[in-house]
Amino acid sequence: MWRNAGLRDRDLSSLSPENIWRWIRVFRESVRVLGNIENDDYRPLRKQRYVACGSRWSSGGLVTYADGSKRVVSYSCSETACTRCYDADKARTAHRYLNKILALSDSQQIDRFWSFVVTLPEEVEAMIPYGSTTRKKFMNELCKWVRKLFGLRAKDGLFCYANIHPVGDSDLMRDRFHVHIGLLPFAVRRLKEQIEFIQCDVEGLIDTETALSKLEQLLWRVFPLTQRGKAQFKAQYIPLREKSTVPRLAHRLKYDLRGFEKDVELAPLFFDESSRMVVLKSGEEGYGIYTVDQIADRWRWIRSQRDLRPYGLLKQWNQYADILGIEFEEDPEPEIEEEQPIIIKRVYGRQWNPKKRQVRWTNEKRAYWKQGGTEIKDFKWGRKGSEGFWKPRANAPSTGAHET
Ligand SMILES: [Zn+2]
């Protein structure tokens, strides 16, 4: 690849904190044009907001609450095409799931959270575009297969999500459809007017060999495959009654549900601004050269194919939370007295860390007064309050059969 004469003489930039903004600016501009993010009558500052969002210098506010406490917040653009905002939106979903999983496992004494990864044979990859009936059929069959692993019937509402990732973890440009499935072994069964909750964990571990052979039968049924095999299935669990539970589970959910911001933005090893080319880890030779527009288009494609679906009790949460002994606590933002404009500076990129003696990612935010430019110190980031959370109710009824 380095024999490519055009590239050899280029001034290639690595993603150091000095250079990374050049790449991010050019990449985001390409995304902006592709996504047609323009000002209009309803959003006269739309373009400016997008361009500033998460950039080296952006704007924010210093919020003073009525009780005198203060918080520093950075403003964002909320565009779906914006890598940062898209990813932040997915991280919020992960946080909501984490909250529900912890509340339910507490209230019902569920001991394990199961995490599966199903990787599809390459032959299937062109056969399940987003929104297709094949994808719908495949996801339905996949969920039936998961329920069977836990001895449930086809219609039992297992607490479960499935998220399709369209690319592999190590190669951004390679289609590699795989499904991340997370679940609590706990289900609801409705028989006429009777509601029953079922603890359905397996003894020990999942028998992955049997599971895989059933999975392959499933693929055979759904897709017109010409050769058998090559699907992969991995299963692990996170124990829910240990100290390490919350960080491990939070990490798992964030990873499974992620919006691929970092996968895309941090993928380039080198960038050449004048030719608008990037070098990625990719392909047979280990590296590939792509244009900025190709990466921007790839980002659009990943978003269009990524697919998160909640099932069973997770999907019908509001309907059953009450009889499961879980209640919602509101946590509104306190009254704001004033919000002063500030400037936010980010330091971002690969940087030599003298303490660790390693090149590591740096990602820091600092806040400065808009006037005078002095740094604001000793403040917490982010607004107070939250969208609220679920928690086990004190004196909750024990589950069993319920009449509705
Ligand atoms: Zn944004």
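Refer to the preceding data block for the structure.
As the structure is a prediction and not an experimental result, all values here were calculated from the model. (Residues numbered from 1 in each chain as written. Predicted model: local features only at pLDDT ≥ 70, side-chain atom pairs only at ≥ 80, totals over all residues. Heavy atoms only, no water.)

This paragraph deals with the environment of Lys 254. Position of Lys 254 relative to the elements: it lies in helix α7 (residues 245-256). Between the alpha carbons of Lys 254 and Arg 383 there is a distance of 21 Å; along the sequence they are 129 residues apart. Ignoring any residue separated from it by four or fewer positions in sequence, one finds Lys 254 in contact with Ala 91 and Ala 94. (Helix = DSSP H or I, 4+ residues; strand = E, 2+ residues; numbered from the N terminus. Contact = heavy atoms within 4.5 Å.)

The phi angle at Arg 276 is positive, at roughly 55°, despite the residue not being glycine. As for its placement among the helices and strands, Arg 276 is situated in the loop between β9 (268-272) and β10 (277-281). Here Arg 276 falls in the partly exposed class, since its relative accessible area comes to 34%. Within the chain, Arg 357 stands out as a residue other than glycine whose phi angle is a positive 50°. (Buried < 20%, exposed > 50% of the residue type's maximum accessible area, 1.4 Å probe, protein only.)

We now examine helix α5 (residues 133-149). With 17 residues, α5 extends 25 Å from end C-alpha to end C-alpha; this agrees with the ideal 24 Å at 1.5 Å per step. Looking only at α5, the buried set comprises Arg 135, Phe 138, Met 139, Glu 141, Leu 142, Cys 143, Trp 145, Val 146, Arg 147 and Leu 149. One or two residues past the end of α5 sits Gly 151, with phi positive at roughly 70°. (Expected span 1.5 Å × (residues − 1).)

What follows concerns the nonpolar core. Across soluble globular proteins, nonpolar side chains show a tendency to be buried alongside one another. Of all hydrophobic cores here, the largest spans 71 residues; its most connected members are Trp 23, Phe 116, Phe 138, Trp 145, Phe 150, Ile 181 and Ile 295. Two domains each provide a minimum of three residues to this core, namely domain 1 (38-78 + 335-381) and domain 2 (86-260 + 309-328). If we ignore the near neighbours within four places in the chain, the residues touching Ile 295 are Trp 23, Phe 27, Leu 172, Met 173, Val 264, Val 278, Leu 280 and Tyr 290. Judged by nonpolar contacts, the second largest core, of 28 residues, contains Phe 159, Phe 186, Leu 253 and Ala 321. (Core = buried A, V, L, I, M, F, W, Y, C linked by side-chain atoms within 4.5 Å. Domains from an automatic or database assignment.)

Backbone-to-backbone hydrogen bonds join strands into a sheet, with any given pair of strands oriented parallel or antiparallel. Spatial ordering of the open sheet is given by β16-β15-β14-β2-β3-β17, a layout of 6 strands whose pairing is mixed. Strand pairing shows two members of the sheet lacking a second neighbour, β16 (375-376) and β17 (380-381), which therefore form its edges. Across the sheet, helix α2 (residues 20-34) is in contact with β14 (336-353) and β15 (358-369); its angle to β14 comes to roughly 115°. (Pairing = 2+ DSSP bridges. Axes fitted to C-alpha atoms, helices over the stretch in contact; angles between N-to-C directions.)

What follows is about α2. The end-to-end C-alpha distance of α2 is 21 Å, a good match for the 21 Å that 15 residues give at a rise of 1.5 Å each. Within the sequence span of α2, burial applies to Ile 20, Trp 21, Trp 23, Ile 24, Val 26, Phe 27, Arg 28, Ser 30, Val 31 and Arg 32. One or two steps after α2, the chain reaches Asn 36, where phi turns positive at roughly 55°.

Let's shift gears to the packing of aromatic side chains. Two aromatic rings, taken as a pair, are described by how far apart their centres are and by the angle between their planes. All told, the structure shown has 21 aromatic pairs when counted by the stated rule. Each ring, one from Phe 197 and one from Tyr 320, has its centre 6.0 Å from the other, and the planes form 85°; the classification is edge-to-face. Pair noted here: Phe 197 is in strand β7 (residues 194-199) and Tyr 320 is in helix α11 (residues 317-320), with a separation of 123 residues, a long-range link. As far as burial versus exposure is concerned, Phe 197 and Tyr 320 are alike and both buried. Three or more aromatic residues joined by ring pairs form one cluster here, namely Trp 114, Phe 116, Trp 145, Phe 150, Phe 233 and Tyr 237. Here the basic side chain of Arg 28 rests over the ring of Tyr 50, its NZ or CZ set 4.5 Å away from the ring centre. (Phe/Tyr/Trp six-rings, centres within 6.5 Å; stacked < 30°, edge-to-face > 60°. Lys NZ or Arg CZ within 6 Å of the ring centre and 35° of its normal.)

Coordination sphere of the zinc ion, protein contribution only: Cys 53 (SG), Cys 77 (SG), Cys 82 (SG) and Cys 85 (SG), at 2.2 to 2.3 Å. Here the zinc ion is ringed by 4 donor atoms whose angles at the metal span 103 to 114°, and the overall shape comes out tetrahedral. Mapped onto the polypeptide sequence, the residues donating to the zinc ion form the spacing pattern C-x23-C-x4-C-x2-C. Of this pair, Cys 53 sits in the loop between α3 (46-52) and β2 (57-65) while Cys 85 sits in helix α4 (residues 83-108); the two residues are 32 residues apart in sequence, bridging distant segments of the chain. Residue classification places Cys 53 among the buried residues on the basis of a relative accessible area of 1%. Assessed through its relative accessible area of 11%, Cys 85 is described here as buried. (Donors = N, O, S within 2.8 Å, 3.2 Å for Na, K, Ca; no water. Tetrahedral: all angles 85-135°; square planar, octahedral: opposite > 155°, others 65-115°.)

The subject of this paragraph is the packing of α5 against helix α6 (residues 208-222). A pair of packed helices can be characterised by two numbers: the angle between their axes and the separation between those axes. Direction vectors running N to C along α5 and α6 enclose 155°, while the axes themselves pass 10 Å from each other. Put simply, α5 runs roughly antiparallel to α6. Like other packed secondary-structure pairs, α5 and α6 cross with a definite hand, here right-handed. Only Ala 211, Lys 214, Leu 215, Leu 218, Leu 219, Arg 221 and Val 222 of α6 make contact with α5, whose side of the interface consists of Thr 134, Lys 137, Phe 138, Glu 141, Leu 142, Trp 145 and Leu 149. Of the residues belonging to the contact of α5 with α6, the class tally is 9 nonpolar, 1 polar and 4 charged. (Parallel < 35°, antiparallel > 145°, perpendicular 65-115°, else oblique. Left-handed = near helix turned anticlockwise from the far one by under 90°. Nonpolar A, V, L, I, M, F, W, Y, C, P; charged D, E, K, R; others polar.)

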